[in-house]
Amino acid sequence: MPPVPQYCPTPRELDDLELLVSGALVPTVAFNEPGSPVTLTLPDGVAAAASAAGAVELVDPEGLPLAIVEVPRGTIEPLTHVQYGPFRHRYLTPARSRELYAGRTFVPVVDALTEAQLAVLAGIGPLVLLPLVGHGTPELSPVALIRATLAAAAHLPAADVVAIPLPSHGDADLDHDLGHQVTANYAGEDPLVAVTDDPTGDYPPEIAEIVAFDHPAPDDQGLVVFFTGLSGSGKSTLARALMDRLHEHGSRTLTSLDGDVVRRNLSAGLTFSKEDRETNIRRIGWVAAEISRHGGVAVCSPIAPFDETRQQVRGMVGEAGGAFFLVHVATPLEECERRDRKGLYAKARRGEIPEFTGISSPYEAPDDADVRVDTTGRSIEEALDDVLIALRASGHLDLTDDPLGENGMPPPGSGPAQPAAARK
């Protein structure tokens, strides 16, 4: 028998795995049951190996084996449980929750609770608040929703908190039905009460502070400015000009992730095959997302020719709590080839560079760019203005003013210029 391959599931699949193993999805007990949204989709290579072996081993992002899944039946043999993550002790199984909290009223929670909602809940009696914190489910991040729910519990006469990793499956009606199925398994024979929406209500001060920290204003949010375009389109030049402007303003920590520089360092050894190019972009995306997680600004300028990979980067940044701002440097191929400062197009035309974007490999122009810039016949300053105006309109950065006075000195009261050593 061939060896059983390993696969690290997507965040949604990991949440579904935990729910299946815990019994929260009963009567669903396996992946890929007919008509069920709880699915496991293996990459082609893994799927072929799993089909030959009759199973696949699911591992967490750090490589810890979690379960063996039979292929194609989808039945699960648990190996261990998730052992890390904030508030992990709050993730109880339905059976354990029913055992600990028999006789209480169970209340699903999908957003921070307002003062009016808390007043209603206070009159119900002993409660178990169930924050639904799976991938893509809450308005708040999972950690923030649990923190806000714990703060809400402190306002109630008798309430405890049990977190449920219920993910979104991309269909609101389906997710609603699945949510009712899961929370009913937690409540068992005890009452299950829904909270009435209160979209304009006020939060208690400590809950409001949690919400504000989790949802910073756009100009305080981590940001990834992602330039994409053909070789020679001017994306690296525009990215450097934006970095210069950011340094001049001195208000944000900065990191440049230029495509060529990343190739020589983070992605040394990768080829220019489609697979390796996508790997390179995902590496850039992961680093940029981590920068945004901590409130920094990452300016990226790879070619990034494929929409699927750009969407993956957008997802990484969103998961990290950052904002993703896509700049399509849409200079036409003819102009890029006319410039050809590095002689790459000439080599590609002669067949010396295989899979060259725009010549022998496609460039998929984005239809979701925040701004589109054509640098043909324009100065750097003129093209950069398009980006700066769009950034200001988005609320993320306002760099359209001159940070220096008429004589090249900071205006009175503006403080000292940022020293070079403080720049990233």
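The following refers to the structure shown.

What counts, and where the lines are drawn
- Residues numbered from 1 in each chain as written.
- Predicted model: local features only at pLDDT ≥ 70, side-chain atom pairs only at ≥ 80, totals over all residues.
- Heavy atoms only, no water.
- Pairing = 2+ DSSP bridges.
- Helix = DSSP H or I, 4+ residues; strand = E, 2+ residues; numbered from the N terminus.
- Axes fitted to C-alpha atoms, helices over the stretch in contact; angles between N-to-C directions.
- Contact = heavy atoms within 4.5 Å.
- Phe/Tyr/Trp six-rings, centres within 6.5 Å; stacked < 30°, edge-to-face > 60°.
- Buried < 20%, exposed > 50% of the residue type's maximum accessible area, 1.4 Å probe, protein only.
- Lys NZ or Arg CZ within 6 Å of the ring centre and 35° of its normal.

### Focus on the sheet that holds strand S10 (residues 297-301)
Reasoning step 1: Read across the sheet, five strands follow the order S9-S10-S8-S11-S12 without closing on themselves; strand pairing throughout is parallel. On the outer flanks of this sheet lie strand S9 (254-258) and strand S12 (371-373), each paired with one strand and no other. Pairwise comparison of adjacent strand axes, ignoring direction, gives a mean angle of 15° for this sheet.
Reasoning step 2: For strand S11 (residues 323-329) and S12, the ladder comprises three bridges, and the chain directions are parallel. Looking across to S12, one finds that Val329 is bridged to Val373.
Reasoning step 3: Along the sheet face, helix H11 (residues 307-319) touches strand S8 (223-228) and S11 and points at about 155° away from the line of S11.
Reasoning step 4: Against the sheet, helix H14 (residues 380-394) contacts S8, S11 and S12, and its axis sits at roughly 175° relative to S12.

### So, the packing of aromatic side chains
Reasoning step 1: Summed over all chains, the structure comprises two aromatic pairs.
Reasoning step 2: Ring centres of Phe226 and Phe324 lie 5.5 Å apart, and the angle between their planes is 40°; on these two criteria the pair is classed as tilted. Highlighted residues: Phe226 in strand S8 and Phe324 in strand S11, separated in sequence by 98 residues.
Reasoning step 3: Relative accessible area serves as the criterion here: at 12%, Phe324 is assigned to the buried category.
Reasoning step 4: With a centroid separation of 5.0 Å and 80° between ring planes, the pair formed by Tyr345 and Phe356 is classed as edge-to-face. With Tyr345 in helix H13 (residues 344-349) and Phe356 in the loop between H13 and S12, this pair connects stretches of sequence that are eleven residues apart.
Reasoning step 5: The class for Tyr345 is buried, based on a relative accessible area of 1%.
Reasoning step 6: One residue, Arg88, lies across the ring of Tyr91, its end atom 4.1 Å from the ring centre.
Reasoning step 7: In this arrangement the basic side chain of Lys274 is found over the ring face of Phe306, its NZ or CZ atom lying 4.4 Å from the centre.

### Focus: the environment of Ala298
Reasoning step 1: Position of Ala298 relative to the elements: it lies in strand S10.
Reasoning step 2: Relative accessible area serves as the criterion here: at 0%, Ala298 is assigned to the buried category.
Reasoning step 3: In sequence terms Ala298 and Gly343 are 45 residues apart; their C-alpha atoms lie 29 Å from each other.
Reasoning step 4: Residues contacting Ala298, with those up to four places away along its chain left out, are Leu223, Val224, Val225, Thr255, Ala288 and Ile291.

Just distances and angles here, no functional claims.
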